[in-house]
Amino acid sequence: MTQDFVLNHHCKSYPLTATPCHPDEIARHGWNLLADDLAYPLAVVRGSALAHNIAWMQAYAARKGVALAPHGKTTMSPELFARQLAAGAWGLTLATVYQLAVGVEAGARRAIIANQVLCDADLDGLHALLQRHPDLRVWFLVDSLAQLACIEDWAARRGGTRRFDTLLEIGIPGQRTGCRTLEGAMALAHAMARSTAVRLCGIECYEGGVARCDSDHDAREVTALVRRVTEVARQCDAQGLFADGEILLTAGGSAVFDLVVPLLRTQGLSRPVLGVLRSGCYITHDHGNYQRFLAQVEQREGLDASLRPALEVWTLVQSVPEPGLALLTGGRRDLSYDLDMPVPVRWAPRGARSAVDAPSGWAVTALNDQHAYLRFDADGATAPAVGDRIALGISHPCTTFDKWRWLAVVEDNWAVTGALSTRF
């Protein structure tokens, strides 16, 4: 898919005077971020941290004895999908049939749609993808008799014999989708087992909604969820409701993924269990929300270190209109701000070809569409000046990726050696 995408003047921050190129050809330009060869703001991914994170999470899953299906909604980048699969990922997780199509084009042949599928257009599309790729296997979530009725109605009107592979979703009261009670889950499981439109292949849950970045609280709440899911799996197994010779159990966001490993390694069932971890944001990690959660994971797992922040948005100081305030060339159109404000992490004075850590007292306090408000101590020893470059670290990378059609890959010396396209 890399060759389907061309970087040119239609892509934000790609130089208007530069020759168009494909993402894997960008290194030929010889650009360096700190030479101001590209316009600001510029979203970049640090290549060394990216490679480390892909390898680290793959090794973690292998060490725990579970499969890894990274959630593609984080990046929607076919280049990154291909790298994750090449590193050993069992498959990909996606959120929609559209996203599934992107993953399939990138090479995925196993995929979990961690969401409900029920409208005609999506069921038609999924059926078409499965017809087009006989080696493709896809599982999606079912959490209600009403959804199952929609799928069965589609099947009746289409007159086909397709039975979709599905996972029964267990939810949490007050949180996202999923069955709330054991009784409701078992009633649905029996209906799915009888259905001529779906096959019940396993159980799914998502634990991230209960996480509070407090190990005691998070362990208690996630363990309770794991026990509920395990009980449903045991009852479905005992009653012969699963359609496959292998039971698929899957969970795992990016915040407390270690706490669901016991579910993914459930034993004592009548057939083998395939445990699939679905973390997504690990690939670039972040400088905020997940950084806080990961410190708890490291403590629980006894790790000295783990993932590294890889995603930054570089901005230019365009104005210092009053003491203590600088305006940066990056705003809501360019940066995540759904969980935390961006964090100044690096500073390269105008003309410098190296960067240093941003002073700890600097803080972004507000965003407009195209501006970030950087506050600093007007009486301090260091102050940003017009023309300086400031890298902003991101909290929750998903909603920065979707603001860019492409991101530059940079080395530790800030040379631009690659590019990633996105398909949002």
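Look up: the structure comes first, before these words.
What you see is a predicted model, and the numbers here were worked out from it, not measured in a lab.

**Considerations on the overall build of the protein chain**
Alright, step 1. Within the protein chain, the secondary structure is distributed over 10 helices and 18 strands.
Alright, step 2. Here the C-alpha radius of gyration of the protein chain, 23 Å, is about what a compact globule of 424 residues would show, namely 22 Å.
Alright, step 3. Here the C-alpha coordinates of the protein chain stretch approximately 70 × 50 × 35 Å along the principal axes.
Alright, step 4. Within the protein chain, the proportion of its 424 residues that are buried is 57%.

**Focus on the pattern of salt bridges**
Alright, step 1. Within the structure shown, the criterion is met by 21 salt bridges.
Alright, step 2. The salt bridge involving D412 is made with R46; its shortest N-O contact spans 3.3 Å. With D412 in the loop between β17 (406-410) and β18 (416-421) and R46 in strand β1 (residues 42-46), this pair connects stretches of sequence that are 366 residues apart.
Alright, step 3. Notably, a salt bridge pairs D120 with R157, separated by 2.8 Å at the nearest N-O pair. A residue pair is termed long-range when its members are at least 10 positions apart, and D120 in helix α4 (residues 120-132) and R157 in helix α5 (residues 145-158) qualify at 37 residues.
Alright, step 4. Three or more residues joined by partner-sharing salt bridges are found here, namely D120, D124, D153, R157 and R158.

**Points about unusual backbone geometry**
Alright, step 1. In this structure, the amide linkage connecting Y40 to the following residue, P41, adopts the cis form with an omega of 0 degrees.
Alright, step 2. Summarising the element assignment, P41 is placed in the segment before β1.
Alright, step 3. Backbone geometry places H285, a non-glycine residue, at a positive phi of 55 degrees.
Alright, step 4. As for its position among the elements, H285 is in the loop between β9 (273-277) and α9 (289-301).

**Here we look at the sheet that holds strand β4 (residues 110-116)**
Alright, step 1. Ordered in space as β2-β9-β8-β7-β6-β5-β4-β3, the 8 strands form an open sheet in which the pairing is parallel. Each edge of the open sheet is held by one strand with a lone partner, namely β2 (67-68) and β3 (92-94).

**Here we look at the side chain of T250**
Alright, step 1. Mapped onto the elements of the fold, T250 is located in strand β8 (residues 247-251).
Alright, step 2. Since its relative accessible area comes to 0%, T250 is described here as buried.
Alright, step 3. Side-chain polar atoms of T250 contact the backbone oxygen of V276, separated by 2.8 Å.
Alright, step 4. Here R278 takes part through its side chain, which lies 3.0 Å from a polar atom of the side chain of T250.
Alright, step 5. In contact with T250, other than residues within four places in its own chain, are I112, L167, I203, E204, C205, L264, V276 and R278.

Rules used in this analysis
- Residues numbered from 1 in each chain as written.
- Predicted model: local features only at pLDDT ≥ 70, side-chain atom pairs only at ≥ 80, totals over all residues.
- Heavy atoms only, no water.
- Helix = DSSP H or I, 4+ residues; strand = E, 2+ residues; numbered from the N terminus.
- Rg over C-alpha atoms; globule rule 2.2 N^0.38 Å.
- Buried < 20%, exposed > 50% of the residue type's maximum accessible area, 1.4 Å probe, protein only.
- Salt bridge = Lys/Arg side-chain N within 4 Å of Asp/Glu carboxyl O.
- Pairing = 2+ DSSP bridges.
- Polar contact = N/O pair within 3.5 Å; in protein donor to acceptor, adjacent residues only side chain to side chain.
- Contact = heavy atoms within 4.5 Å.

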